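Close look at the chain arrangement
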Amino acid sequence: MRLVLVGPPGAGKGTQAQFIAEHLSIPKISTGDIFRANVSQGTPLGLQAKAFMDRGDLVPDDVTIDMVRHRLAEADATGGFLLDGFPRTTPQAQVLDDILADAGVKLDVVLELVVENDEVIRRLSGRRTCRSCNHIWHVDFDPPAVEGVCDLDQGGLYQRDDDQPVTIANRLEIYATDTSPLVNYYAERGLLIGIDATGPVDDITQRATDALRPLEHQD
Ligand code: AMP
């Protein structure tokens, strides 16, 4: 299955992407994770992306598109993938259509995680990410057993620069102007399924897998 996950920052895309990709046995391709890995390794791509990310701005389309084009050409992505955090602009969506058309395939579904702004702000400001495995915890809603330490691999937890309050406001504004038009873009193409992304994480995963089930055994 070829699937895109959309939703505002803090909708839980990273968390749901992990569960859904495992459930469907497809690779999760998260542009945010790829950028963060490049930043922490100090690669040229990371150096290019860091300032944009720290402000909560989008990394320019040409840089992002190039990166995704390469990732989608890797062997594990030829049979299906879940894109988390891409596309985020209409030009990105158009290029994705072209990349897939060139490969003779198409998107199966775009899953929108629907959450109101004030809920998103509460979630983002309490979010903590594991430095080594990128697992996302929340100080109130999903705390690890030991404060500041990941339950999964004992990695240290940190608050992303882009989860600071001023940056959160900027990211929400950018979502509204640049990314939310994609909801219509995909609705017009008959690809959009929206699910309520509030409540316990397991309930949201259940809604997502229920929504995807009818598509799972299609060719
Ligand atoms: P995320 O983890 O998806 O919230 O992404 C973190 C940051 O990476 C974003 O705030 C952007 O700065 C950058 N980023 C991730 N995906 C994209 C994209 N598709 N287009 C532009 N910038 C992106």
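Residues numbered from 1 in each chain as written. Predicted model: local features only at pLDDT ≥ 70, side-chain atom pairs only at ≥ 80, totals over all residues. Heavy atoms only, no water.

Check the secondary structure of the protein and you find nine helices and eight strands. In terms of C-alpha radius of gyration, the protein reaches 17 Å, essentially the compact-globule figure of 17 Å for 219 residues. Seen through its principal axes, the protein has C-alpha atoms that stretch 45 × 40 × 35 Å. Contacts in the protein between residues far apart in sequence, at least 24 positions, make up 67% of those at least 6 positions apart. With an accessible surface of roughly 10800 Å², the protein has 52% of that area assigned to carbon and sulfur atoms. The positive charge centre, built from 20 side chains, and the negative charge centre, built from 35, are 2 Å apart in the protein. (Helix = DSSP H or I, 4+ residues; strand = E, 2+ residues; numbered from the N terminus. Rg over C-alpha atoms; globule rule 2.2 N^0.38 Å. Contact = heavy atoms within 4.5 Å. Areas by Shrake-Rupley, 256 points an atom, 1.4 Å probe, with all protein chains shown as cover. Lys, Arg positive; Asp, Glu negative; His and termini not counted. Charge placed at Lys NZ, Arg CZ, Asp CG, Glu CD.)

In the vicinity of the ligand lie 16 residues, with Thr 31, Asp 57, Gly 85, Arg 88 and Gln 92 positioned nearest. In isolation the ligand has 480 Å² of accessible area, and contact with the protein removes 95% of it. Here the element with the most residues in the shell around the ligand is helix 2 (residues 31–41); it accounts for four residues. A breakdown of the residues in the shell around the ligand according to their chemical character gives five nonpolar, five polar and six charged. (Near = heavy atom within 4 Å. Nonpolar A, V, L, I, M, F, W, Y, C, P; charged D, E, K, R; others polar.)

A few words now on the layout of surface pockets. Of the voids in this model, the second largest pocket is the one considered here, and its volume is about 400 Å³. Arg 36, Val 39, Ser 40, Tyr 158 and Arg 160 are the residues nearest the centre of the second largest pocket, which is lined by 15 residues in total. Per-element accounting of the lining of the second largest pocket gives the leading share, five residues, to helix 2. Among the residues forming the lining of the second largest pocket, the class breakdown is five nonpolar, two polar and eight charged. (1 Å grid on protein atoms, 1.4 Å probe; cavity = no way out; pocket = protein on both sides within 12 Å on 5 of 7 lines; lining within 4 Å. Points joined across faces, edges and corners; volume = space filled by probe spheres on them.)

Following Phe 86, the chain continues to Pro 87 via a peptide bond in cis, the omega torsion being 0 degrees. The backbone phi angle of Ser 25 is positive, close to 55 degrees, even though this residue is not glycine. Mapped onto the elements of the fold, Ser 25 is located in the loop between helix 1 (13–24) and strand 2 (28–30). The exposure class assigned to Ser 25 is exposed, which follows from its relative accessible area of 67%. (Buried < 20%, exposed > 50% of the residue type's maximum accessible area, 1.4 Å probe, protein only.)

What follows concerns the sheet that holds strand 5 (residues 127–130). Within the open sheet, the three strands sit side by side as 6-5-7. Their pairing is antiparallel. In this open sheet, the two strands that pair with only one neighbour each are strand 6 (136–138) and strand 7 (157–158). For strand 5 and strand 7, the ladder comprises two bridges, and the chain directions are antiparallel. Looking across to strand 7, one finds that Thr 129 is bridged to Tyr 158. (Pairing = 2+ DSSP bridges.)

Right, let's talk about the side chain of Arg 123 for a bit. Here Arg 123 shows up in helix 6 (residues 117–125). For Arg 123, a relative accessible area of 12% corresponds to the buried category. Among the polar contacts listed, one links the side chain of Arg 123 to the backbone oxygen of Ala 197, at a separation of 2.6 Å. Among all residues touching Arg 123, those that are not within four sequence positions of it are Gly 10, Ala 11, Gly 12, Val 115, His 138, Phe 141, Ala 197, Thr 198 and Gly 199. (Polar contact = N/O pair within 3.5 Å; in protein donor to acceptor, adjacent residues only side chain to side chain.)

Where burial is concerned, most of strand 4 (residues 109–114) is hidden: five out of the six residues are buried. The pairing of strand 4 with strand 8 (residues 192–196) spans five bridges and is parallel. Residue pairing in the sheet places Val 110 in a bridge with Leu 192 of strand 8.

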